[in-house]
Amino acid sequence: MTEARLDTLVSHATVWLGPDDAGGTQWGSGFFVAPEWVLSCAHVLLAHRHREETAPLRVVGALGEARARAAYWVGAGPDPEQDLVLLHLLDGARSRHCVRLSDRIDKPHRVTAHGRYVPHRGAVPRDWSGQCEVNGTDGPYGLTLGGADIPRGASGGPALDRDHGVVAGVVKARKKERGGGLAIAVTALRGFDAAVPVAGEDGLGADPYRALIRAHDQWHQEQATRSSSWVAVQEGLGGGGERRWTARDSAAASALLAELPPPASTADLVSVIGQVLGEDDPVWPGTAPPRDWRDGHGWLYESADGDDIAFLHYLQLVARRLPERSGALRHWVRARAERLPGRYRALLTRTGPAPRKVHADHADPAVAVELRPDVNHPDSRFHWRVWTWSDGVGSARPAGQSDSADGDPLIALPALLSEPLQEAFDYLDTDQHPARLEVVLPVEHFDLDVHLWRCHRRARSSRPLPADRLFGVHRQVVLRCLRRGGPAAEAWLKRWSAADTAQWGLHALPLAPSPYPAPVGTELDVAAPGGVPVLCRPAADSIPALRRLIGFGYGLALWSSGNRHPGGCSTECHELHRRTAMLLGDTGRAAALPEEIRVLRERISQEDPDADWADPLALMYDDPRRPLPTGRLSSP
């Protein structure tokens with residue numbers, strides 16, 4: 001009976017889409033995820049209109065109709081997660097029925113696909129549903145379906161997880177020759193953080209995913225007391241018992257989490273999940289990383305301690321991270337914990353606090369790109385891998401690598417690395433602190449201008465967001481030496497410690513261009529603590545000098561990547577040495593230098609003429625306390 005009532009609720013929230021000026025013409029299906037917002041497949045609309053078109057369309061359901069327009073696209077490519085569109089109702093219209101979305105990371109088994117279809121030419125679209133089984137996956141978000149014949153027109157409709165009573169997917173396509181088709185897991189909605197608004201749409205603000213999912217959770221909690229609400233009907237699924245985590249518990253917790261500021265970063269959220277589960281890296285490859293507190297809830301089902309203990313523990317840790325904003329959540333957790341049997345309540349109270357991590361300088365979150373020249377084409381082709389450091393040495397986590405046997409062309413690297421880098425930045429960045437980008441490569445390629453790269457993605461606004469700017473303008477970008485991986489030599493550690501201690505400060509060691517040695521009085525092997533070699537020529541013209549200073553254990557160096565001059569030094573060189581000496585003297589210690597360089601690049605982007613001298617400046621920042629991973633990075 002409960003499944004039938006849930007099917008009715010799904011049907012009430014399902015609509016068909018068509019043009020505003022032709023009644024009865026159906027393009028496809030969709031469904032309400034919040035009172036003003038309809039989710040569907042992008043291809044349903046793009047088969048009939050241009051992606052920038054703002055003309056209204058018609059949304060028709062069992063309980064009425066309304067006008068809407070396309071508001072946010074997530075691509076329109078071949079991958080399932082790129083085939084989503086969000087529609088915004090016009091004229092203040094609101095739906096009285098919305099589906100409840102799954103937060104689970106595991107795939108559903110039994111689903112009922114819903115949609116609308118036209119049974120024959122000239123007929124009015126009618127309601128359709130069919131039972132299917134999820135018999136496979138297609139990438140991180142695609143769910144392959146077997147079972148019922150999905151009719152034309154059902155694309156964009158919801159797929160109800162019959163075992164858990166929540167919508168777990170969006171119907172995408174039907175098989176041509178036999179039953180079943182393909183659905184998109186609702187976890188793909190997390191990709192709406194990069195959604196492209198249509199014609200200035202801003203109904204969901206700067207972070208469409210969080211705004212949408214929070215509005216969804218708050219609406220369901222507001223409706224939860226009604227006997228016919230989704231949450232009330234969902235309560236009828238599953239068994240009872242004193243330790244059951246109910247649909248009402250889940251709805252209340254999700255609504256309270258929706259009132260809190262978002263996590264500082266995905267990495268910070270993952271650390272909370274990992275603490276509950278007792279795992280260092282609970283986000284396995286192939287799962288959609290969590291983005292908001294509600295997403296973390298979805299990792300905790302069927303935990304070893306029991307769902308109730310795991311969920312309450314998680315909510316406790318979230319509340320302790322936000323002590324000034326989580327009073328209502330803490331009160332609810334205490335009240336809910338009173339319903340636990342005494343022995344389990346004691347288990348919950350023994351869970352330790354979750355103080356916010358205090359990172360050492362060398363443990364700051366960072367994204368690293370290793371570029372290893374191909375043996376047969378060392379100047380033009382590279383093998384690459386990307387990893388992240390969320391904390392110290394042991395937190396290295398793979399984030400992508402090349403699969404080309406001969407390496408990838410140098411000219412293609414900015415585009416090829418764009419997607420893995422953006423995913424890694426999304427994982428680590430906070431609003432206040434973008435993760436540092438560390439580029440690991442041989443000194444022969446130290447002139448590679450990665451600080452001038454940017455992520456290749458569709459702009460969300462005419463006014464660029466920080467993430468759409470050049471890497472070096474909004475995040476620290478430094479270079480590291482590929483052939484100095486592994487345990488640090490004693491001289492390297494000693495020189496770094498001196499350069500990062502305020503007692504000594506930093507000072508410039510001007511080096512003459514190769515092949516000449518350093519000037520008298522500044523020999524690299526006897527230089528005073530805190531010395532930073534400075535070269536006034538590109539790395540390509542200074543390879544012997546760079547190798548020499550690395551051999552003496554220097555982890556810091558500055559050079560001009562654009563100051564090519566075949567003859568002797570000029571006034572430009574003297575100005576570079578003078579300016580870098582002032583910069584290093586003001587900076588004081590190694591840990592502050594990457595941010596000082598970033599600020600200079602930002603000033604250059606703002607056309608500050610007093611910063612122009614630093615435009616060709618490059619920085620080697622090779623911290624021995626966080627050695628480069630050797631071999632392949634391990635994955636769960």
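For the structure, see preceding data.
Below is a short write-up of the structure.

### So, the layout of surface pockets
Sizing a probe to match a water molecule and rolling it over the atoms shows the empty space that remains.
Moving on, step 1. In this structure, the second largest pocket occupies an estimated 450 Å³ of space.
Moving on, step 2. Lining the second largest pocket we find 24 residues, and of these Arg 104, His 164, Gln 234, Trp 245 and Tyr 301 sit closest to its centre.
Moving on, step 3. Looking at the lining of the second largest pocket, the elements with two or more residues in it are α5 (247–257) and α8 (307–321).
Moving on, step 4. If you tally residues by element for the lining of the second largest pocket, the top one is α5, at three residues.
Moving on, step 5. Class assignment of the residues belonging to the lining of the second largest pocket gives a composition of seven nonpolar, seven polar and ten charged.

### Quick notes on the pairing of strand β14 (residues 366–373)
Moving on, step 1. Counting buried positions along β14 gives seven out of eight residues, so the element sits mostly inside the fold.
Moving on, step 2. Bridging between β14 and strand β15 (residues 381–389) involves eight bridges; their strand directions are antiparallel. Across the sheet, the residue bridging to Ala 366 is Trp 389, located in β15.
Moving on, step 3. Both β14 and strand β18 (residues 436–441) contribute to a ladder of five bridges, which runs parallel. Following the sheet pairing, Ala 366 is matched in β18 by Arg 436.

### Looking at the pattern of salt bridges
Moving on, step 1. Scanning the entire structure with this criterion turns up 45 salt bridges.
Moving on, step 2. Linking Arg 210 and Asp 292 is a salt bridge whose minimum nitrogen-to-oxygen distance equals 3.7 Å. One end of the pair, Arg 210, is in helix α3 (residues 208–223); the other, Asp 292, is in the loop between α6 (266–277) and α7 (293–297), and 82 residues separate them in sequence. One exposure class covers both Arg 210 and Asp 292, and it is buried.
Moving on, step 3. Salt-bridge contacts for Asp 500 lead to Arg 625; the nearest nitrogen and oxygen are separated by 3.6 Å.

### Brief notes about the packing of aromatic side chains
Moving on, step 1. Scanning the model with the defined rule gives eight aromatic pairs in all.
Moving on, step 2. Pairing Tyr 301 with Phe 311 gives two aromatic rings, centres 5.1 Å apart and planes at 75°, and the pair type is edge-to-face. With Tyr 301 in the loop between α7 and α8 and Phe 311 in helix α8, this residue pair connects regions lying ten residues apart in the sequence. Exposure class is identical for Tyr 301 and Phe 311. Each is buried.
Moving on, step 3. Between Phe 425 and Phe 471, the aromatic rings sit 5.5 Å apart at their centres with planes inclined by 80°, giving edge-to-face as the arrangement. Within this pair, whereas Phe 425 is found in helix α12 (residues 418–428), its partner Phe 471 is found in helix α13 (residues 471–474), the two being separated by 46 residues in sequence. The burial state of Phe 425 is the same as that of Phe 471; both residues are buried.
Moving on, step 4. Aromatic ring contacts, followed pair by pair, group Trp 245, Tyr 301, Phe 311 and Trp 332 into a single cluster.
Moving on, step 5. Sitting over the face of the ring of Phe 425, Arg 475 holds its NZ or CZ atom 3.5 Å from the ring centroid.
Moving on, step 6. One Lys or Arg, Arg 484, reaches over the ring of Trp 492 and ends 4.2 Å from the middle of that ring.

### Let's talk about helix α14 (residues 490–499)
Moving on, step 1. Turning to α14, its buried residues number three or more, namely Trp 492, Trp 496, Ala 498 and Ala 499. The buried side chains of α14 occupy one side of the element, clustering within an arc of 160° when seen end-on. Projecting away from the buried face of α14 at angles above 90 degrees are the exposed residues Glu 490 and Lys 494.

### Let's talk about unusual backbone geometry
Moving on, step 1. One non-glycine residue with positive phi stands out, namely Asp 91, at about 60°.
Moving on, step 2. The backbone of Glu 607 shows a phi angle near 65°, a positive value even though the residue is not glycine.
Moving on, step 3. Take Glu 607: it is sitting in the loop between α17 (593–605) and β23 (617–621).
Moving on, step 4. Judged by relative accessible area, Glu 607 falls into the exposed class, the value being 69%.

### So, the packing of helix α16 (residues 571–587) against α17
Helix-helix packing: each pair is described by the crossing angle between the helix axes and the interaxial distance.
Moving on, step 1. Across the interface, α16 lies against α17 with an axial gap of 10 Å and an inter-helix angle of 130°. The orientation of α16 relative to α17 falls into the category oblique. α16 and α17 meet at a crossing whose hand is right-handed. Every residue of α17 that contacts α16 at Leu 583, Leu 584 and Thr 587 is listed here: Leu 593, Glu 596, Ile 597 and Leu 600.
Moving on, step 2. Taken together, the residues of the contact of α16 with α17 sort by class into five nonpolar, one polar and one charged.

### Side note on empty space enclosed by the protein
Moving on, step 1. Enumeration according to the criterion identifies five cavities of 30 Å³ or more in this entry.
Moving on, step 2. In this structure, the largest cavity encloses a volume near 150 Å³.
Moving on, step 3. If you trace the largest cavity, you find 15 residues lining it, with Arg 104, Ile 105, Asp 106, Ala 185 and Thr 187 closest to the centre.
Moving on, step 4. Looking at the lining of the largest cavity, its residues break down into eight nonpolar, four polar and three charged.

### Some points on the sheet that holds strand β8 (residues 126–138)
Moving on, step 1. Reading around the circumference, β7-β8-β9-β12-β11-β10 is the order of the six strands in this closed barrel, with antiparallel pairing throughout. Averaged over all pairs of adjacent strands, the angle between strand axes in this sheet comes to 40°, irrespective of strand direction.
Moving on, step 2. Pairing analysis gives eight bridges linking strand β7 (residues 110–117) to β8, with the strands arranged antiparallel. Looking at the pairing, Val 111 lines up with Cys 132 of β8.
Moving on, step 3. Against the sheet, helix α1 (residues 2–13) makes contact with β7, β8 and β10 (158–161), and its axis sits at roughly 35° relative to β7, the strand it touches most.

### Observations regarding the side chain of Arg 69
Moving on, step 1. Note on placement: Arg 69 falls in strand β5 (residues 64–74).
Moving on, step 2. Overall, Arg 69 belongs to the buried group, its relative accessible area being 15%.
Moving on, step 3. A distance of 3.3 Å separates a polar atom in the side chain of Arg 69 from the backbone oxygen of Val 198.
Moving on, step 4. When near neighbours in sequence (up to four residues on either side) are disregarded, Arg 69 contacts Thr 54, Ala 55, Leu 86, Leu 87, His 88, Leu 90, Val 198, Ala 199 and Glu 201.

### Section: the nonpolar core
Moving on, step 1. Counting 76 residues, the largest nonpolar core has Tyr 314, Leu 315, Leu 371, Leu 437, Phe 446, Leu 549 and Trp 559 as its most contacted members.
Moving on, step 2. Here the element with the most residues in this core is α8; it accounts for nine residues.
Moving on, step 3. Of all hydrophobic cores here, the second largest spans 55 residues; its members include Trp 37, Ala 42, Trp 73 and Val 186.

### Let's talk about the environment of Thr 187
Moving on, step 1. Looking at the element boundaries, Thr 187 is found in the loop between β12 (181–185) and β13 (196–197).
Moving on, step 2. Spatially, the C-alpha atom of Thr 187 lies 6.5 Å from that of Ala 288, the residues being 101 residues apart in sequence.
Moving on, step 3. Among residues more than four places away in sequence, those in contact with Thr 187 are Arg 104, Tyr 141 and Ala 288.

Cut-offs applied
- Residues numbered from 1 in each chain as written.
- Predicted model: local features only at pLDDT ≥ 70, side-chain atom pairs only at ≥ 80, totals over all residues.
- Heavy atoms only, no water.
- 1 Å grid on protein atoms, 1.4 Å probe; cavity = no way out; pocket = protein on both sides within 12 Å on 5 of 7 lines; lining within 4 Å.
- Points joined across faces, edges and corners; volume = space filled by probe spheres on them.
- Helix = DSSP H or I, 4+ residues; strand = E, 2+ residues; numbered from the N terminus.
- Nonpolar A, V, L, I, M, F, W, Y, C, P; charged D, E, K, R; others polar.
- Buried < 20%, exposed > 50% of the residue type's maximum accessible area, 1.4 Å probe, protein only.
- Pairing = 2+ DSSP bridges.
- Salt bridge = Lys/Arg side-chain N within 4 Å of Asp/Glu carboxyl O.
- Phe/Tyr/Trp six-rings, centres within 6.5 Å; stacked < 30°, edge-to-face > 60°.
- Lys NZ or Arg CZ within 6 Å of the ring centre and 35° of its normal.
- Arc of directions from axis to C-beta.
- Axes fitted to C-alpha atoms, helices over the stretch in contact; angles between N-to-C directions.
- Parallel < 35°, antiparallel > 145°, perpendicular 65-115°, else oblique.
- Left-handed = near helix turned anticlockwise from the far one by under 90°.
- Contact = heavy atoms within 4.5 Å.
- Polar contact = N/O pair within 3.5 Å; in protein donor to acceptor, adjacent residues only side chain to side chain.
- Core = buried A, V, L, I, M, F, W, Y, C linked by side-chain atoms within 4.5 Å.

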